[in-house]
Amino acid sequence: MKTDIPMPESLLEAVPHAALVLDTAQDQVIAANRLAMQLLAQDSASGFAFAPHIADNFAGFLVCLDELAHRGRVWRRDIPLQDQNRHPLHCELRGTQIGQSPHLVMLTLIDLNEMLRHDQIAEAGEVQRLGLLEWQRAQAFFSELERQNQLILNAAGEGIYGVNADGKTTFVNRAAREMLGWSAEDLLGRDIHSMIHHHHLSGEAYPAHDCPIYQSFRYEQVNRIEDEVFWRKDGKPIRVEYVSTPIYDQNVLAGAVVIFRDITERKENERKLRDAMTEVQALREQVEQENAYLQEAIASERAHHEIIGSSPAIQDVLSRIERVAGTEATVLISGEAGTGKALVASAIHKDSARRRRSLIHFKCSAVTSDAIEAELFGHIRGAFPGALRDRPGMLELAHNGTLFLDDVDELPLSLQGRLLHALQEGSVTRLGDTRAREISIRVIAASRKPLETLVRRGQFREELFMFLNVFPITCQALRERREDIPPLAAHFLTLACKRLNTKMPTISRHAMEKLISYHWPGNVRELQNVIDRSSIISTGGKLQVDLAPPPLQDTHDPTSVMTDAEMTSVMRANIVNALRKAKGKVAGSQGAADMLMVQPTTLYSRIKKLRIQPEDWL
Ligand SMILES: Nc1ncnc2c1ncn2[C@@H]1O[C@H](COP(=O)(O)OP(=O)(O)OP(=O)(O)O)[C@@H](O)[C@H]1O
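Calculation criteria
Residues numbered from 1 in each chain as written. Predicted model: local features only at pLDDT ≥ 70, side-chain atom pairs only at ≥ 80, totals over all residues. Helix = DSSP H or I, 4+ residues; strand = E, 2+ residues; numbered from the N terminus. Contact = placed C-beta atoms within 7 Å. Axes fitted to C-alpha atoms, helices over the stretch in contact; angles between N-to-C directions. Left-handed = near helix turned anticlockwise from the far one by under 90°. Nonpolar A, V, L, I, M, F, W, Y, C, P; charged D, E, K, R; others polar. pLDDT = per-residue confidence, 0-100. Pairing = 2+ DSSP bridges. Expected span 1.5 Å × (residues − 1). Buried ≥ 20, exposed ≤ 12 C-beta atoms within 10 Å, placed from the backbone. Arc of directions from axis to C-beta. Near = placed C-beta within 6 Å. Domains from an automatic or database assignment. Core = buried A, V, L, I, M, F, W, Y, C linked by C-beta atoms within 7 Å.

Colleague: Go over the overall build of the chain, please, and point to the residues and values.
Modeller: When you go through the chain residue by residue, the secondary structure sums to 24 helices and 21 strands. Summarising the internal contacts of the chain: among those between residues at least 6 apart in sequence, 58% fall at separations of at least 24.

Printed below as a string of structure tokens:
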């Protein structure tokens with residue numbers, strides 16, 4: 001049937017999609033463009049039925065035609081189509097009423113698969129276009145970054161450079177150029193790793209994929225490196241520490257900025273310091289060894305001063321030392337001056353677990369009562385006028401060792417409480433300080449006066465006495481253990497001759513008797529002095545005993561109190577002098593009794609009591 005086509009075929013061809021004109025009453029395609037023929041796999045451009053191309057939902061197609069008749073236009077995607085060979089087509093069906101006839105419609109079949117392909121291509125194109133833009137933007141970003149921060153970048157003391165995501169240098173600041181010796185032209189646009197970071201200091205190659213700077217933008221992490229090298233243009237390495245930070249331009253990774261510092265000098269100083277420390281350590285070890293050696297020497301010197309004597313009193317002292325040394329018990333040694341209290345204290349320390357640390361000998365009588373507190377507790381700078389620097393006290397010095405509180409009876413009453421508190425608490429606070437320092441101290445105290453008596457008189461705090469008197473040891477006066485005099489005399493004579501480098505004289509029986517019968521108010525110390533003096537004056541291979549006490553010093557304190565033994569000694573020396581002047585005559589005119597203005601009988605009994613022999617005044 002010849003139908004009047006309201007649309008020239010050329011127009012149909014111009015439609016960019018598959019298009020055909022359909023007589024819906026006859027189900028006849030009146031005309032189809034080439035794209036429609038291809039899509040539907042039809043050989044001819046007209047005269048074929050359209051219904052076979054509707055794969056399913058024919059009812060839907062009829063509804064669609066109905067809508068078209070009413071509205072003049074329609075589009076649907078829910079009508080599955082197929083080609084001549086029954087291959088399914090995925091199309092959008094668009095219908096347009098043509099002319100006045102209600103049966104003539106133009107159908108446009110838009111291949112949705114092809115549309116999808118177009119979309120993908122379009123998207124890929126967009127991606128590519130955007131990528132190019134991103135790259136351009138990164139470049140612009142770096143330039144902008146550099147331009148905007150030019151002043152800061154060039155003023156910075158640290159070297160700063162930027163790399164883009166390809167590892168190419170985008171800017172280098174002045175400090176970086178100066179440190180590296182490379183110019184901006186040398187570096188810009190070049191692979192910076194291969195120029196300044198190619199090798200480790202050891203000479204080993206540094207592959208770019210290991211480079212923390214590249215990793216910082218590959219893994220988008222900030223990398224801080226403390227010690228690596230950058231290579232200067234002149235081939236010299238500089239040791240650097242650097243931070244490499246990924247940077248973003250509107251959330252897109254643009255590259256990294258590296259801030260580095262030349263630490264060559266610091267490393268050199270560190271090396272020098274390390275060398276110095278090693279040297280100090282070596283010196284310290286040497287000093288320690290020397291100290292150990294000296295300690296050894298002192299110990300062996302002390303060994304010469306070992307406790308001599310075999311009297312029951314000395315045996316008792318020795319056994320008590322042995323029992324108490326290994327404990328931490330506080331020891332109170334009492335005895336007259338020169339009886340060996342310090343020697344006993346030293347022996348206890350030497351045999352104790354604390355022997356490797358110091359025995360601090362603090363003689364309370366040797367320090368004025370004003371100074372004693374600072375001496376014991378130490379002070380901080382400015383604690384009192386004259387306290388120019390911080391100073392530890394004896395308590396601190398004795399930490400982990402032993403504190404020998406000699407002449408503890410001389411400790412001012414006002415200080416006794418504070419000392420006791422520090423010892424009991426095991427902590428000391430320096431004068432003027434608020435910080436308490438822990439101390440671990442073993443205390444050995446010595447007293448010439450019986451502390452019980454002082455406690456009774458209220459001159460010594462009972463609590464301190466109780467604290468000290470855990471393990472008492474008494475050093476007996478020499479006159480009460482005369483059997484110790486010969487071995488002591490021989491011992492001191494050996495020491496004196498060794499010291500004087502002289503031949504040892506013999507001690508005659510007569511000389512020894514003289515020594516034994518003497519009263520020894522100064523005890524062993526006096527015996528030692530007598531032997532020292534005698535060994536100097538002795539001639540002819542025999543010891544000439546000189547018992548004369550050294551003259552009293554002018555500086556002797558007139559207010560000091562003499563012990564009974566000292567009084568006896570002075571009296572004895574006085575009688576010896578009188579006998580010497582009277583050439584041994586006791587009674588009668590010019591006799592010693594006359595000189596002393598006492599009865600001869602009184603003098604005879606004193607001579608006997610004091611065991612004064614003719615040898616003493618001859
Ligand atoms: N048994 C002894 N064996 C060897 N030397 C002794 C003995 N006793 C005392 N000495 C020596 O006598 C001297 C005086 O002794 P030490 O200083 O120990 O007495 P002290 O009782 O502490 O005296 P002071 O109360 O005056 O301080 C020291 O040189 C000491 O070595």
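Now that the structure is up, let's keep going.
Colleague: Hey, could you go over the packing of helix H11 (residues 312-325) against helix H12 (residues 341-350) for me, with residue numbers and the actual values?
Modeller: Where H11 meets H12, the axes come as close as 9 Å, and the angle between the chain directions of the two elements is 35°. In terms of crossing hand, the pair formed by H11 and H12 is right-handed. Of H12, the residues touching H11 (which contributes Val317, Ile321, Val324 and Ala325) are Val344, Ala347 and Ile348. Within the contact of H11 with H12, the residues separate by chemical class into seven nonpolar, no polar and no charged.

Colleague: Tell me about the confidence of the model for the chain, and please be specific about residues and values.
Modeller: Should pLDDT be low for a region, the predicted coordinates there are not to be read in detail. On average, the chain scores 86 in pLDDT, and the residues at 70 or more come to 88%. Predicted complex, confidence summary: ipTM 0.99, pTM 0.49.

Colleague: So what's going on with the sheet that holds strand S21 (residues 471-475)? Residues and values would help.
Modeller: What the five strands build is an open sheet, ordered S14-S17-S20-S13-S21; its pairing is parallel. Of all the strands in the sheet, the pair left with one neighbour each is strand S14 (359-363) and S21. With strand direction ignored, the average angle separating the axes of adjacent strands in the sheet is 20°. By the bridge criterion, five bridges tie S14 to strand S17 (residues 402-406) in an arrangement that is parallel. By the bridge assignment for S17, Lys363 is matched with Asp406.

Colleague: If you had to explain helix H3 (residues 58-71) to someone new, which residues and values would you point to?
Modeller: The periodicity of an α-helix, 3.6 residues per turn, causes residues three or four positions apart to be oriented the same way. End to end, H3 covers 20 Å across 14 residues, agreeing with the expected 20 Å (1.5 Å per residue, within 8%). For H3, the full list of buried residues reads Phe61, Cys64 and Leu68. Each buried residue of H3 sits inside an arc of 55° when the element is viewed along its axis, so together they form one side. Across H3 from its buried face, at more than 90 degrees, point the exposed residues Ala59, Leu62, Asp66 and His70. Against strand S3 (73-76), strand S6 (91-97) and strand S7 (104-111) lie the buried residues of H3.

Colleague: Now, about the site of the ligand: what can you tell me, with residues and values included?
Modeller: Around the ligand, the structure places 19 residues, and the nearest of them are Ala337, Gly340, Lys341, Ala342 and Val524. Broken down by secondary-structure element, the contributors of at least two residues to the shell around the ligand are H12 and helix H20 (523-537). Taken together, the residues of the shell around the ligand break down into eight nonpolar, seven polar and four charged. Shared between two domains, the shell around the ligand takes at least three residues from each, and those domains are domain 3 (306-476) and domain 4 (504-551 + 561-617).

Colleague: Summarise the pairing of strand S13 (residues 331-335); cite the residues concerned and give the values.
Modeller: Most of S13 sits inside the fold, with five of its five residues counted as buried. Side-chain alternation along S13 places Val331, Ile333 and Gly335 on one buried face and Leu332 and Ser334 on a second face that is also buried. Here S13 pairs with S21 via five bridges, running parallel. Following the sheet pairing, Ile333 is matched in S21 by Ile473.

Colleague: Let's hear about the environment of His399: which residues, and what values?
Modeller: Here His399 is to be found in the loop between helix H14 (394-397) and S17. The exposure class of His399 is partly exposed, given the 18 C-beta atoms found within 10 Å. Sequence separation of His399 and Ile439 is 40 residues, and the distance between their C-alpha atoms is 5.1 Å. Setting aside its immediate chain neighbours within four residues, His399 contacts Ile439, Ser440 and Ile441.

Colleague: Help me get a handle on H12, residues and values and all.
Modeller: Across the ten residues that make up H12, a large majority, eight, are buried. Listing the buried residues of H12 in full gives Lys341, Ala342, Val344, Ala345, Ser346, Ala347, Ile348 and His349.

Colleague: Kindly report on the pairing of S7, identifying the contributing residues and their values.
Modeller: Of all eight residues making up S7, six are buried, and the element is well covered by its neighbours. Examined bridge by bridge, strand S1 (residues 18-23) and S7 share six bridges and lie antiparallel to one another. Bridge pairing in S7 links Asp23 to Leu104. As paired strands, S6 and S7 are joined by seven bridges and run antiparallel to one another. The residue bridging Glu92 from the neighbouring strand is Ile110, located in S7. Hairpin geometry of S6 and S7 is characterised by an intervening segment of six residues between the two adjacent antiparallel strands and by a positive phi of about 60° at Gly99.

Colleague: Summarise the nonpolar core; cite the residues concerned and give the values.
Modeller: Grouped together as the largest cluster of nonpolar side chains are 43 residues, with contacts concentrated most on Ile333, Val344, Leu395 and Leu403. Those residues within four positions of Val344 in sequence are excluded, and the remaining contacts are Val317, Ile321, Ile333, Ile473 and Cys475.

Colleague: Quick one: what's the story with the sheet that holds S1, residue by residue and with numbers?
Modeller: Strand order in the open sheet formed by five strands is S2-S1-S7-S6-S3, and the pairing between neighbours is antiparallel. Since the sheet does not close on itself, it has two edges, and those belong to strand S2 (28-32) and S3, each with one partner. Sheet twist, expressed as the mean angle between neighbouring strand axes with direction ignored, is 25°. Judged from the four bridges that link them, S3 and S6 form a sheet pairing that is antiparallel. The partner of Trp75 across the bridge, within S6, is Arg94. Strands in contact with H3 are S3, S6 and S7; relative to S3, the strand with the most contacts, it is inclined by about 150°.

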